[in-house]
Amino acid sequence: MALLEVKDLKVRVEEREILHGLTLTVNEGEIHAIMGPNGSGKSTLSHVIAGKPGYEVTDGQILFKGEDLLEMAPEERAAKGVFLAFQYPVEIPGVTTMNFLRTALNAQRKARGESELMVPDFLKKVREVSKSLNIPQDMLKRGVNVGFSGGEKKRNEVLQMALFEPSLCILDEMDSGLDIDALRIAADGVNALHSPKRAMVVITHYQRLLNYIVPDIVHVMSKGRVVKSGGKELAQELEESGYAQFEDAA
Amino acid sequence: MPAVQETVDRVKRIDVDQYRYGFETLIESDKAPKGLSEETVKFISEKKNEPAWMLQWRLEAYRRWLTMTEPTWARVDYPKIDFQDLYYYSAPKPKKTITSLDEIDPEILKTYEKLGIPLREVAMLEGVEPKPGEEDPNRRKIAVDAVFDSVSVATTFKAELKKAGVIFMPISEAIREHPELVQKYLGSVVPTSDNFYATLNSAVFSDGSFVYVPPGVRCPMELSTYFRINERNTGQFERTLIIADKGSYVSYLEGCTAPQRDENQLHAAVVELVAHDDAEIKYSTVQNWYPGNSEGKGGIYNFVTKRGDCRGDRSKISWTQVETGSAITWKYPSCILRGDNSSGEFYSIAISNGYQQVDSGTKMIHLGKNTSSRIISKGIAAGKSQNTYRGLVTAHRKATGARNFTACDSLLIGDKCGAHTVPYIEAKNSSATFEHEATTSKISEDVLFYCIQRGLSQEEAVGLVVNGFVKDVLQQLPMEFAVEAQKLISISLEGSVG
Ligand SMILES: Nc1ncnc2c1ncn2[C@@H]1O[C@H](COP(=O)(O)OP(=O)(O)O)[C@@H](O)[C@H]1O
Ligand SMILES: [Mg+2]
């Protein structure tokens, strides 16, 4: 059974159709890249999978581990293993990163019927992961993403990914606003999390990120549809010839 | 469905009826006849066995009150109150003198147990003193004065406080036992003629707490009063007077709840604080009166006058309030910075949901030299509520070097509520430095979704974001109450977002 199956998905935002019948299948252990020009609907797809309000699904379905994802509340999807690393992670003043991580982790565990993680175990885990991501301890005491640099925000997303251990990670434009060094650290973090049980969907506008996170399958999106899929060489091809050739196909 | 629409729908279904403290206690009570007249005032004074001077004081206030009209400047809207349709005094029967907790009506004790105020447990602790060094640091002792309708039913830890020289007792008792102190200070901060509700309170107040901390004494425990309105159609008019003599310190916490009723109930309290040279008073309130139901029916009308007088040099008064209940809140805890180098603080969290109306803030009146004040106000409006911060900062001609810092932040949840900031600033001294910052923001759908994507429910997300928003103020509360307040904030916002 596929981990994620998006079938002929049609989505509207404020009466306008954005996704016009999108199909995508992701299996455990695979790394997919979704590429496409701005406005082609990449973020919309990630939001609909995660359950962000404001989108109306008019047709099609999304199955996650064989279950109807669209029937689940967004927090339930999170607890079941859907993780979205945001393009622009928000700031939450007054809520320390540490408190946020613990509250979220325990909420997910509770939803799965698991007991709360004991504080020492939790702290140990956070320390390990944050060390490998080069996240200083004092950053964890600050408000969530408050005053973080672009790179720190993205590393904080990867930190959460490592802690929550999701089976599907969707990374929306992880490279935006990052310099090469910051990108490398974040990408290394993501690669470390790659496992046979976990799939990654890497959304990006540029080929650059795919030098660091190497995909098994590349999809090209244009105007709300997947117009072409192929191996990692497709990304290279796109880099050279641009998206224009696909505009007509869509 | 766009997220905002969903929010609005959810707000419509808001269940303010989840109010936890909405039960009623069935006990017999002894009431004054309905309505207000000189006879009512005399009845109350007589019930309390008051000396003649006290009755005179009340009658003067009553006569004054007859000439006054209700203030209308606040941004609150409610039907006219019929002051003749209220009871002004209600005491639980049997009304014999209570010497130990065992003599209190078990129904009342049960009420306090339900409220989570362990009168009995606290009292028992008195007998079993832990040996020095064996005290459980997590179990700080808190002396409690419990006021049920018009009378104080129990005050704990009296003996231990007495050892330290601290007087903590119902004000009705203090009027009889310490007339010299009461006569000297009562009405010295909030004069009987101060305002419509304070004057009414002066005429008919029935009980409240009295605290006196002698020179150089640091009060050995937190003092606290829990107010409970139980009777139907009964106004509650309590009066609190706290005096911190030279170089002393006291921290005082007030908590309030009331049963759920369809009709509105009136609460008009007066609190006076006096801090002498080098003394400090920290006054915290967790106000959770019944806010009314989801249609805006019922709830407490809370018209309160709270004022602190930094009478001595280097004295300090700090007000911290967490306001979550009441249908209407009209309340401006203030500081008169009379002594040189004295300082005043006001930390406030005011949450309104459903149809609640809050008009609250503070006054910092700088009279002495080098006085300073600090105002941190956090208003959170949800549902169809209106939340106004109203603040006044003034520096007198002689108040050289006066300093104030004000930060008012408002957070809106949904789009049917309103937040308003009304600051008044007057500096009659050119050396005064007043800083004012104000922000209003909407709780962001993106922030909520971020939290939800990480596994939090909508309500948990709102609770988390709001608790982050009010963190600076929560930190000012005594630890035990900060935890309580944090829970209360989440509960009072339940159902506020969809
Ligand atoms: N909340 C919204 N309201 C209106 N239009 C939107 C909204 N979100 C996305 N769109 C539109 O949907 C299209 C796809 O956007 P998006 O999914 O962000 O594309 P991408 O991530 O590929 O750049 C764009 O035309 C965008 O303007
Ligand atoms: Mg995008």
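Residues numbered from 1 in each chain as written. Chains lettered and ligands numbered in written order. Predicted model: local features only at pLDDT ≥ 70, side-chain atom pairs only at ≥ 80, totals over all residues. Heavy atoms only, no water.

Asks: Give me the lowdown on the overall build of chain A, citing residues and values where you can.
Replies: Looking only at helices and strands, chain A has nine helices and 12 strands in total. Relative to a compact globule of 250 residues, whose C-alpha radius of gyration would be 18 Å, chain A shows 18 Å and is just as compact. For chain A, the spread of C-alpha atoms along the principal axes amounts to about 55 × 40 × 35 Å. Put simply, chain A has 250 residues, and 53% of those count as buried. (Helix = DSSP H or I, 4+ residues; strand = E, 2+ residues; numbered from the N terminus. Rg over C-alpha atoms; globule rule 2.2 N^0.38 Å. Buried < 20%, exposed > 50% of the residue type's maximum accessible area, 1.4 Å probe, protein only.)

Asks: I'd like to hear about helix 3 (residues 52–66) of chain B, residue by residue, with values.
Replies: Between its first and last C-alpha, helix 3 of chain B extends 21 Å over 15 residues, near the 21 Å set by a 1.5 Å rise per residue. Among all positions in helix 3 of chain B, only Met54, Trp57, Arg58, Leu59, Ala61, Tyr62 and Trp65 of chain B are buried. (Expected span 1.5 Å × (residues − 1).)

Asks: Mind laying out the confidence of the model for chain B, listing which residues take part and the relevant values?
Replies: Residue and element names in this part refer to chain B. Residues of chain B with pLDDT of at least 70 account for 76%, and the chain-wide mean is 81. Contacts for the low-pLDDT stretch residues 1–17, under 50 throughout, to residues beyond four places or in other chains number 42 contacts. Below a pLDDT of 50 lies the segment residues 94–98, which in the model reaches eight contacts outside its immediate sequence neighbourhood of four places, other chains included. In the predicted complex, the global pTM is 0.81; the interface-specific ipTM is 0.96. (pLDDT = per-residue confidence, 0-100. Contact = heavy atoms within 4.5 Å.)

Asks: Which residues make up the packing of aromatic side chains, and what values do they have?
Replies: All names here are of chain B. In this structure the tally under the stated criterion is 21 aromatic pairs over all chains. Between Trp65 and Phe83, the aromatic rings sit 5.5 Å apart at their centres with planes inclined by 80 degrees, giving edge-to-face as the arrangement. Separated by 18 residues along the polypeptide, Trp65 in helix 3 and Phe83 in the loop between helix 3 and strand 2 (90–92) bring together distant segments of the chain. With 5.3 Å between their ring centres and 65 degrees between their planes, Tyr197 and Trp330 make a pair best called edge-to-face. Residue Tyr197 is located in helix 9 (residues 196–204), and its partner Trp330 is located in strand 15 (residues 328–331); the two are separated by 133 residues in the primary sequence. As far as burial versus exposure is concerned, Tyr197 and Trp330 are alike and both buried. Members of the aromatic cluster, joined through ring pairs, are Tyr62, Trp65, Trp73, Tyr78, Phe83, Phe196, Tyr197, Tyr301, Phe303, Trp330 and Tyr332. Over the face of the ring belonging to Phe205 we find Arg58, whose NZ or CZ atom lies 4.2 Å from the ring centre. When the ring centre of Phe469 is taken as origin, the NZ or CZ atom of Lys378, which lies over that ring, is 5.1 Å away. (Phe/Tyr/Trp six-rings, centres within 6.5 Å; stacked < 30°, edge-to-face > 60°. Lys NZ or Arg CZ within 6 Å of the ring centre and 35° of its normal.)

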